[in-house]
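Examination of the molecular architecture
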Amino acid sequence: MTITHASFVTLPVADQDRALRFYTEVLGMNVTADLDLPQGRWLQVAPAGAQTVFTLSGPGMGGFEPGEARGIMLVTTDVDADCARLVEAGVRVQGPDELPWGRMASFADPDGNGLMLLTEARH
């Protein structure tokens, strides 16, 4: 196998503009694509420098249901500061908790897609 990385992760959303505001204004991601295609709007965001992007898939794009994505891990250098920012923005956060692999918290986007934040443990 010669796989080098994942190209994109699909996050099904009900309202692409609302999701775009959350992922850019709250999570600080950048827009990497925003195209009008015959099937609908192709909208992608990513943290600066990331190889993998997130496709904010709206209604009619692929038959996904908003909120069905789970277990998406975002690595951060300061989970506590990021959790405080999320809470300040009105996001309900569980954690952070100290675990063997690092300090981790979980939250959901406005559509209920499950995301996690992790500051990896130093070994």
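Predicted model, so just to flag it, every value in this text is computed and none were measured.

1. Side note on helix α2 (residues 79–88)
The periodicity of an α-helix, 3.6 residues per turn, causes residues three or four places apart in sequence to face the same way. Turning to α2, its buried residues are Val-79, Cys-83 and Leu-86. Buried residues in α2, looked at end-on, bunch into an arc of 60°, giving them a common side. Lining the buried residues of α2 we find α1 (16–26), β6 (93–99), β7 (102–108) and β8 (114–120). Downstream of α2 by a residue or two, Gly-90 has a phi angle that is positive, lying close to 90°.

2. Overview of the sheet that holds β8
Sheet architecture is open: four strands sit in the order β5-β8-β7-β6, paired in mixed fashion. On the outer flanks of this sheet lie β5 (72–75) and β6, each paired with one strand and no other. Going from strand to strand, the sheet's axes swing by 25° on average, the running direction of each strand aside. As paired strands, β7 and β8 are joined by seven bridges and run antiparallel to one another. By the bridge assignment for β8, Gly-102 is matched with Glu-120. Lying over the sheet, α2 contacts β6, β7 and β8, oriented at roughly 170° with respect to β6.

Rules and cut-offs
- Residues numbered from 1 in each chain as written.
- Predicted model: local features only at pLDDT ≥ 70, side-chain atom pairs only at ≥ 80, totals over all residues.
- Heavy atoms only, no water.
- Buried < 20%, exposed > 50% of the residue type's maximum accessible area, 1.4 Å probe, protein only.
- Helix = DSSP H or I, 4+ residues; strand = E, 2+ residues; numbered from the N terminus.
- Arc of directions from axis to C-beta.
- Contact = heavy atoms within 4.5 Å.
- Pairing = 2+ DSSP bridges.
- Axes fitted to C-alpha atoms, helices over the stretch in contact; angles between N-to-C directions.

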